[in-house]
Every structure is written in C-alpha cells, then in structure tokens.
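Residue strings, one per chain:
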Amino acid sequence: MQIKYNNKEYLISSKNAVDLSIENNFSGKAPTFYNSSQPTNRPLISKNFVGDVKQGGSCNVPVVSLNIHCTGTHTECEGHVTNSNVSIVDVCPTGLIPAHLITVEPQLTSETDDSYHVGWDGESVITKKSIQKKISQFHSGLIVRTIPNDKSKISRNYDEITAPFFTNQAIDYIASEGVKHLLVDLPSVDKANDDGKLGNHKRFFKYGKTISELLFIEDCISDGFGFLQIQIPNWSLDAVPSRPIFYPI
Ligand SMILES: [Zn+2]
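Summarised in this report is the structure supplied together with it. Computed from a prediction, not measured in an experiment: that's the story for all the values here. Per chain, the residues get numbers from 1 upward, laid out in the order the sequence is written. With pLDDT at 70 or above as the cut-off, local features in this predicted model cover only qualifying residues; side-chain atom pairs require 80 or more to be listed or tallied, and sums for whole chains, interfaces and linings still use all residues. With hydrogens and water stripped out, all remaining heavy atoms of the structure feed into the side-chain values.

1. Quick word on the side chain of Lys191
What counts here: Under the DSSP-based scheme used, a helix requires at least four consecutive residues in state H or I and a strand at least two consecutive residues in state E, with every element numbered from the N terminus. Summary of the burial criterion: residues with accessible area below 20% of their type's maximum are buried, those above 50% are exposed, and those between are partly exposed, where the area comes from a 1.4 Å probe applied to protein chains only. Positive charges are assigned to Lys and Arg, negative charges to Asp and Glu, while His and the chain termini are left out of the count. In what follows, salt bridge is the name for a side-chain nitrogen of Lys or Arg lying within 4 Å of a carboxyl oxygen of Asp or Glu. Pairs of N or O atoms within 3.5 Å make up the polar contacts considered here, provided that, within protein, one atom can donate a hydrogen while the other can accept it, and that residues adjacent in sequence are counted only when both atoms are side-chain atoms.
Along the chain, Lys191 turns up in the loop between strand E14 (181-184) and helix H4 (199-205). Of the side chains with opposite charge, Glu123 comes closest to the buried, unpaired Lys191, at an N-O distance of 4.3 Å. Separated by 2.9 Å, the side chain of Lys191 and the backbone oxygen of Gly119 make a polar contact.

Below is the structure:
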C-alpha cells in the first residue's frame, strides 16, 4: 500500500505487519492485574444442547467471560474515566494511524525532577526526559516499549511484580505534542494504586483519544516510524480487547 503522509510517500506491505497484542488462548496464562480471575471459555449448556463437540454437541458454542482491562491487550477511551458515555468505536480510527515506536528504560523516582499526583517513593517511572531522548518528531500514534522486555510479560501477574508507570510530565508532554493514540506494554499508564484518581488517564484524555495497554512488542521489531491499525470489535463500550497491528517503514 502506498500512503501519502506529510508530503512524503510511504510503502507498507502486509507481509511486514507485526501483531503487538498478547494472544489470549484461554489457557489460564493471561497476564493479570488487580487480582483478576483468568478469562474463561465454557460451552453453552441448556436443557437439550451442549455447545461442545467433544461432549457430543453438534457444534462448539463458547460463552466467554473476560475482564477487559486486567487480562490482556485492550484499548480504552475517555469513557473509561468519565461519565461522558464516549464509546471506543466513536474514537478509535478504522484506518491507519501514523505512529512511532520507542523503547524506554524506566527510572527510579529519586532520579527525576518529574512528579506524580500521589506518593510514589521508590517506584520505577517513565519520565518526560526518557521520552524526549527517544523521539523528536511526534505523530498521532505513540507506541512505548519498556525494558527489560522479557517474554514473561505475556503472562505476568502484576500484583506480584509492580509495573512502571508514567510521570505527570511525561503524559502532559506526549499529549502536548499531539499524540492522540498512546499504546504501552504496561498494565496502566497510572500507578496501580493512585487512590482511584487515574490522574494520567484524565490528563491524556483531555486531548488524546485512545490508550492501549498490556501490549507485547517483540525485541525483533525496531524502534521507528510506521503505520498502525488498532483492530477492535464493534462493541459500544469504553474499552474493548484489541489487536494493534504495526506496519514498520
Ligand atoms: Zn485499561
């Protein structure tokens, strides 16, 4: 596909598409957050029907239960933190989003002048400076991979291993540079317990459209510019499971 963007022409190929989501195979190994139970996939069972071929049913009819925010890759919008009723299908583009992938190393709170809206001593955070070091020209999509980036992220229990989060200045900076779609490999852009304020979410959604969390971005995908499609089901919710597909240039 040939794309004209900012007076330049780009060529992308579906052959180079990379999936930035965590596969959910309903095997009890999804990443979890806030003591969430695992996603389940059980057959429909009624009086004269079993929705499971293995149990003698004529076809498989699974009934799935899923905590969208706490068990896998998902995309959310302003409606997640306000009573605006904004739905993800209203704000998540169906087309391609120009986007930049960066890799950042979280720092200790003692190593930064940035701040956060609740106590944060000893936490590990993504600062404005660490983002500035990695990118000079922003696009409407920003994908942030954090290091270390080991495969354990695809089934990590984030109640046992605390995740880094963004400083207020980092989020304000990203939003002020015109980023509308922020994607991260963390369970949240906020501290797990920020007294329910979800301060960074609210800061970003003043200008931004979507936040995608719990991605997994393989090391073999290089930092840089490309085009992104955030694939989502047509569900009128403030957050849905998602599958971000990146086409590096
Ligand atoms: Zn979420």
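2. Let's talk about the coordination of the zinc ion
As a reminder, the rule being used: The donor definition counts N, O and S atoms within 2.8 Å of each metal and applies 3.2 Å to Na, K and Ca; water is not among these atoms, so some sites may look incomplete.
Taken together, His69 (ND1), His74 (NE2), Glu76 (OE) and Glu213 (OE) make up the protein donors of the zinc ion, found 2.0 to 2.3 Å from the metal. Each donor residue of the zinc ion belongs to the same chain, and together they define the spacing H-x4-H-x1-E-x136-E. You can see Glu76 sitting in strand E8 (residues 74-76) and its partner Glu213 sitting in strand E15 (residues 210-213), a full 137 residues away along the chain. For the pair Glu76 and Glu213, a shared accessibility class is recorded, and that class is buried.

3. A few points about the pairing of strand E18 (residues 243-248)
Going by this rule: Criterion used throughout: strands pair if DSSP finds at least two bridges between them.
Bridge analysis of strand E3 (residues 18-19) against E18 gives 2 bridges, and the strand direction is antiparallel. Bridge pairing links Asp19 to Ile245 in E18. Bridge analysis of strand E16 (residues 224-231) against E18 gives 6 bridges, and the strand direction is antiparallel. If you follow Gly226 over to E18, its bridge partner there is Pro248.

4. Details of the sheet that holds strand E13 (residues 165-166)
Reading across from one edge, E10-E11-E13 is the order of the 3 strands in this open sheet, with mixed pairing throughout. Since the sheet does not close on itself, it has two edges, and those belong to strand E10 (107-108) and E13, each with one partner. Where strand E11 (residues 124-126) and E13 come together, 2 bridges link them in parallel fashion. By the bridge assignment for E13, Val125 is matched with Phe165.

5. Things to note about the side chain of Ser130
Tracing the sequence through the fold places Ser130 in helix H2 (residues 128-132). When its relative accessible area of 8% is taken as the criterion, Ser130 is described as buried. In terms of polar contacts, Ser130 uses its side chain to reach the backbone carbonyl oxygen of Thr127, at 2.8 Å.

6. Overview of the environment of Lys29
Inspection of the secondary structure assignment puts Lys29 in the loop between E3 and strand E4 (40-43). In this structure Lys29 comes out as exposed when scored by relative accessible area, which is 58%.

7. Some details on the sheet that holds strand E12 (residues 141-146)
With mixed pairing, 9 strands are arranged side by side in an open sheet as E3-E18-E16-E9-E12-E14-E15-E8-E17. Strands at the two margins of the open sheet, each flanked by one partner only, are E3 and strand E17 (239-241). Where E14 meets E15, 3 bridges bridge the pair, whose relative direction is parallel. Across the sheet, the residue bridging to Leu182 is Ile211, located in E15.

8. Side note on unusual backbone geometry
Note that the residue after Ile147, namely Pro148, is joined by a cis bond; omega there is 0°. Notably, Leu198 is not glycine yet its phi reads approximately 45°, a positive angle. With respect to the helices and strands, the residue Leu198 is situated in the loop between E14 and H4. Judged by its relative accessible area of 27%, Leu198 is partly exposed. A positive phi angle, close to 60°, is found at Leu214, a residue other than glycine. Assignment of secondary structure puts Leu214 in the loop between E15 and E16. On the basis of relative accessibility, which here comes to 1%, the residue Leu214 falls in the buried class.

9. Some remarks on the pairing of strand E1 (residues 2-5)
Residues Ile3 and Tyr5 line the buried face of E1, whereas the alternating positions Gln2 and Lys4 sit on a face that is not buried. Joining the antiparallel neighbours E1 and strand E2 (residues 8-11) is a turn of 2 residues, in which Asn6 adopts a positive phi near 50°.

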